[in-house]
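# Working through the structure, step by step
So the chains spell out like this:
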Amino acid sequence: MFQSRVSLAARAAQRSIAPQSRGLATASPVSSAARNHKIVVVGGGSAGISISHQLLHSGKFAQDDIAVIDPAQWHHYQPGWTLVGGGLKNKEDLRQPMNSLVDPKFKFYNQSVGSFAPADNAITLENGDKLSYEQLVVVPGISINYGEIKGLPEALADRNSTVSSIYSYDTCDKVFRTVETLQEGKAIFTQPAGVIKCAGAPQKAMWLALDHWKRAGLYNPAKPAESPIKISYATGLPVMFGVPKYNAILEQMRKDRGVEGLFQHDLVAVDGKSAVFATPNGEVVKPFDLLHVSPKMGAHAFVKNSPLANEMGMVDVHENTTQHKKFANVWSVGDASSLPTSKTAAAVTSEAPVLVRNLLQSMEGKELDASYDGYTSCPLLTEYGKVLLAEFKYGGEPKETFGNWFGIDQGKPRRAFYHLKKDFFPWVYQNYMVKGHWGGPNGWK
Ligand SMILES: Cc1cc2nc3c(=O)[nH]c(=O)nc-3n(C[C@H](O)[C@H](O)[C@H](O)COP(=O)(O)OP(=O)(O)OC[C@H]3O[C@@H](n4cnc5c(N)ncnc54)[C@H](O)[C@@H]3O)c2cc1C
């Protein structure tokens, strides 16, 4: 069993990262109403729910030693929202009640965290209650900032508009409705400049829509100019995808399928049936009949404004150990973290075991011996029945599971990968990952 209160190991680790470290010996006591937990996990999303259960499986924690804090009523399998956008799944099937997932051995606070006081080993909930901890895991994801695109919140909320997004539970089913309804005109799919979750998702929505229109006889990739529907991909980035190997394939696909590429076009406003983009040459306005938007995203304010954040607002952790750079008893992975990799649930499958191992080592005063290599994955739906399974690590270097096992090139879209994306991943996530039993390419735990 671990020592109660801040362990000697944590103190030693604190000293080892001076000069930025805080003096734990002088940590001010939290209020008498405060509740103490050995580990507090902020966020019960993909990362929080996996990590808290993996910690529990270590057998080292008793009732209420671990607290999980999350204000949500539902836990969503967000990667499935792309499938909803393609008419392949019902969104209701991709969510589970949060309190059904949280093991009874945890203390579950169904509330928001309002602020962090890492120098005091304490956090404050939005209702004002304080909790103190020995170890803190900060995994509240990122915020989707619809309002940063003028007119977008109103357009999304308007049931009669043709503006939609796979990026939220509320709007992901509007996507297929608008795609099915469009018979002719201009369809624009956007991706913002800046950080987003699953950077491949914006174009997945487009490839599925293109295939739908092709099958309906409304789009001919060989003769786009003569087709009733015209398709543009407007991205704030200079390329289709950030990893050179997959970018080359997707750029060729874009050209072969007659999709207009509007690069360095960052959507800033939706005005009726016009989309306004910021470009290096000033604002450009494009009329549309269907607009699929990937909104802007960024760090939550309560993280950004805390001592835990880096200049981007992300929780500032070491890229291999997942330990905070200043506060040795603070840890982070997933979307909220500064880990310089693509933000995906697949990344979490590799990050979580590293965080758990290193946190447990740290509590026992041992060396941090687990290392995260930046593994992440993006199953790119390129049409109904085909997926290009991008898997890579830090530096955009491919790390292909099936390439290593069977010598398969995962840059080629395949039907087997489609069934992984559509059937296997949702199943294994909802049955095993949420219980801490799924390690991605490393299999069941
Ligand atoms: C449309 C879409 C498609 C995607 N496609 C894929 C894909 O194909 N493959 C893939 O691997 N990944 C994909 N992802 C990304 C994946 O879902 C995320 O990377 C993953 O969920 C990150 O996990 P997380 O735990 O860091 O954040 P989340 O899962 O977002 O969880 C964050 C949790 O923190 C909670 N929280 C927020 N604020 C507070 C607060 N103040 N206090 C306490 N708790 C708080 C939230 O309620 C939430 O439960 C996709 C995401 C989207 C939206």
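Predicted model, so just to flag it, every value in this text is computed and none were measured.

Moving on: the sheet that holds strand β21 (residues 386–393). Read from one edge of the open sheet, three strands run β20-β21-β22, paired in antiparallel fashion. Lying at the two open borders of the sheet, with one neighbouring strand each, are β20 (376–383) and β22 (397–398).

This brings us to the UniProt feature "domain: FAD/NAD(P)-binding" (unreviewed entry) in the protein. As annotated in UniProt, the feature "domain: FAD/NAD(P)-binding" (unreviewed entry) corresponds to residues 38–159 in the numbering used here. Counting secondary structure, residues 38–159 comes out at 22% helix and 32% strand; the distance between its end C-alpha atoms is 47 Å.

With that settled, the discussion passes to helix α8 (residues 244–256). An ideal rise of 1.5 Å per residue puts 18 Å on 13 residues; α8 measures up with 18 Å between its terminal C-alpha atoms. Every buried residue of α8 is listed here: Tyr246, Ile249, Leu250 and Met253. Buried positions in α8, seen along its axis, are confined to an arc of 95 degrees and lie on one side of it. Facing away from the buried side of α8 by more than 90 degrees, the exposed set consists of Pro244, Gln252 and Lys255. Against α7 (201–215), β20 and β21 lie the buried residues of α8. With its phi angle positive at about 70 degrees, glycine 258 sits one or two positions after the end of α8.

Quick look at the site of the ligand now. For the ligand, the set of nearby residues contains 37 residues, the closest of which are Gly43, Gly45, Pro79, Gly141 and Gly334. Class assignment for the residues of the shell around the ligand results in 20 nonpolar, 13 polar and four charged. Both domain 1 (35–142 + 299–373) and domain 2 (146–296) contribute no fewer than three residues apiece to the shell around the ligand.

Before going further, it helps to spend a moment on the pairing of strand β7 (residues 122–125). Bridging between strand β6 (residues 113–117) and β7 involves four bridges; their strand directions are antiparallel. Among the inter-strand pairings, alanine 117 is bridged to a residue of β7, identified as alanine 122. In this sheet, strand β8 (residues 130–138) lies alongside β7 in antiparallel orientation, the contact comprising three bridges. Considered in β8, the bridge of isoleucine 123 is made with leucine 131. Hairpin geometry of β7 and β8 is characterised by an intervening segment of four residues between the two adjacent antiparallel strands and by a positive phi of about 95 degrees at glycine 128.

Moving on, we come to helix α6 (residues 172–181). Taken as a whole, α6 has its buried residues at Cys172, Lys174, Val175, Phe176 and Val179. Where α6 is buried, its residues touch α3 (81–85), β10 (163–164), α7 and β17 (290–292).

Ranked by internal contacts, the top residues of the largest apolar core, which has 123 residues, are Val40, Val41 and Val137. For this core, the element with the most residues is helix α10 (residues 345–363), which contributes 10 residues. Residues lining this core come from more than one domain, with at least three contributed by each of domain 1 (35–142 + 299–373) and domain 2 (146–296). Once residues within four sequence positions are removed from consideration, valine 41 is found in contact with Gly48, Ile51, Ser52, Ile66, Ala67, Val68, Ile69, Val137 and Val139.

Extensive coverage of strand β1 (residues 35–42) is indicated by the burial of six of its eight residues. Sheet analysis places β1 next to β8, joined by seven bridges and oriented parallel. Along β8, the bridge assignment pairs valine 41 with valine 137. Bridge analysis of β1 against strand β2 (residues 66–69) gives four bridges, and the strand direction is parallel. By the bridge assignment for β2, valine 40 is matched with alanine 67.

Before going further, it helps to examine the sheet that holds strand β16 (residues 282–287). The strand order across the open sheet built from three strands is β14-β15-β16, with neighbouring strands paired in antiparallel fashion. At either margin of the open sheet sits one strand with a lone partner, and together these are β14 (266–271) and β16. Taken over all neighbouring pairs, the strand axes of this sheet differ in orientation by 25 degrees on average, direction set aside. Sheet analysis places strand β15 (residues 274–279) next to β16, joined by six bridges and oriented antiparallel. Bridge pairing links threonine 279 to glycine 282 in β16.

Cut-off values and rules
- Along each chain, numbering runs from 1 in the same order as the chain's sequence is written.
- In keeping with the predicted nature of the model, local features appear solely for residues at pLDDT of at least 70, side-chain atom pairs appear and are counted solely at 80 or more, and the whole-chain, interface and lining totals rest on all residues.
- DSSP-based pairing: two strands are paired if at least 2 bridges between them are found.
- Runs of H or I in DSSP of at least four residues are treated as helices and runs of E of at least two as strands, each being numbered from the N terminus.
- UniProt positions are given in the numbering used here, feature names are shortened, and annotations may be inferred rather than shown by experiment.
- Multiplying 1.5 Å by the helix residue count minus one yields the expected span of that helix.
- Think of it as a crowd count around each C-beta: if 20 or more other C-beta atoms lie within 10 Å the residue is buried, if 12 or fewer it is exposed, and in between it is partly exposed, with C-beta placed from the backbone throughout.
- Arc, as used here, means the arc of the directions from the helix axis to the C-beta atoms.
- A residue pair is marked as a contact if its C-beta atoms, positioned from the backbone, fall within 7 Å.
- The criterion for a residue being near a molecule or strand is a backbone-placed C-beta atom within 6 Å of that molecule or strand.
- When residues are grouped by polarity, Ala, Val, Leu, Ile, Met, Phe, Trp, Tyr, Cys and Pro land in nonpolar, Asp, Glu, Lys and Arg in charged, and all others, Gly among them, in polar.
- Source of the domain bounds: an automatic or database domain assignment.
- Each nonpolar core comprises buried Ala, Val, Leu, Ile, Met, Phe, Trp, Tyr and Cys residues, the members being joined through C-beta atoms within 7 Å.
- For helices, the fitted line uses only the C-alpha atoms of the stretch in contact; every axis is such a line through C-alpha atoms, and the angle between N-to-C directions lies from 0 to 180 degrees.

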